[in-house]
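Structural overview for review
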Amino acid sequence: MKKKTTAKKATAKTTKMAKKPSAKKGGKFSLINNLHEAILTIATAAKNGQVKIKRSELKNVIEHTFLQGAKVAATGQRVRFPVIGVLARRDVKPRKAGKGLNPFTGEEIMVKARPESKKPRWSFPKNLKETFAEKKNW
């Protein structure tokens, strides 16, 4: 009798997972996969077989997917945007308050303490950096 209840639970779990293929627990965020799934939901087929997508819906899908990527990056996961770069979270260490020196007047000033924080960090791929470094592209 116990085997039947576990079999029912297993089938219920597999049907739930089949409904949401993008919801991976602990999985990596994939911009391409999420964007592809969202575009498939808004795409419609015309009578002649052409795929139609409304411009406003496409804009909303792209913005929503990028926002999802930013939220995932805020949790600490590195999010890769193809060709553009990588978005990650950077932990900023706290700083104690202290005295500083104004370089122009020479007077002492108080420097405020800075609490620990987390900030976004963007890194560009090597080929994009090389493209900007070449003088022929200026």
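The residue numbering used here restarts from 1 in each chain and proceeds along that chain's sequence as written. Local features in this predicted model are restricted to residues whose pLDDT is 70 or higher, and side-chain atom pairs enter the listing and the counts only when it is 80 or higher, whereas totals over whole chains, interfaces and linings include all residues. Computation of side-chain values: all heavy atoms of the structure, hydrogens and water removed.

**Regarding helix α2 (residues 31-42)**
The first and last C-alpha atoms of α2 sit 17 Å apart over 12 residues, in line with the 16 Å expected at 1.5 Å per residue. Those residues of α2 not exposed but buried are Leu31, Asn34, Leu35 and Ile42. Here the buried residues of α2 occupy an arc of 95° about the axis, which is enough to place them on one side. A contact between two residues is defined here by any heavy atoms of the two lying within 4.5 Å. Going along the chain from the N terminus, every DSSP run of H or I of four or more residues is numbered as a helix, and every run of E of two or more is numbered as a strand. Elements that come into contact with the buried residues of α2 comprise β1 (44-45), β2 (51-52), α3 (55-74) and β3 (79-81). The length a helix should cover is 1.5 Å for every residue beyond the first. Summary of the burial criterion: residues with accessible area below 20% of their type's maximum are buried, those above 50% are exposed, and those between are partly exposed, where the area comes from a 1.4 Å probe applied to protein chains only. This arc corresponds to the set of directions leading from the helix axis out to the C-beta atoms.

**As for the pattern of salt bridges**
Put simply, a salt bridge is a Lys or Arg side-chain nitrogen that is within 4 Å of an Asp or Glu carboxyl oxygen. A complete count under the given rule lists 3 salt bridges for this structure. Note that Asp91 is salt-bridged to Arg89, the shortest N-O span being 3.7 Å. According to the relative accessible area criterion, Asp91 is partly exposed, its value standing at 47%. One salt bridge connects Asp91 with Lys118, and the closest N-O pair in it is separated by 3.6 Å.

**Focus on unusual backbone geometry**
Positive phi is not limited to glycine here, since Val83 has a value of about 70°. In this structure Val83 comes out as exposed when scored by relative accessible area, which is 69%.

**Re the sheet that holds β3**
The 3 strands are arranged β3-β4-β7 in an open sheet whose pairing can be described as antiparallel. Strands with a single pairing partner mark the edges of an open sheet, and in this sheet they are β3 and β7 (117-123). Within the sheet, the average angular offset between the axes of one strand and its neighbour, ignoring direction, is 30°. A strand pair is defined by DSSP finding two or more bridges across the two strands. Relative to β7, strand β4 (residues 85-92) runs antiparallel, the two being bridged by 7 bridges. Counted as the bridge partner of Arg90 is Lys119 from β7. Here the axes come from fitting lines to C-alpha atoms, over the contacting stretch only for helices, and the angles between their N-to-C directions go from 0 to 180 degrees.

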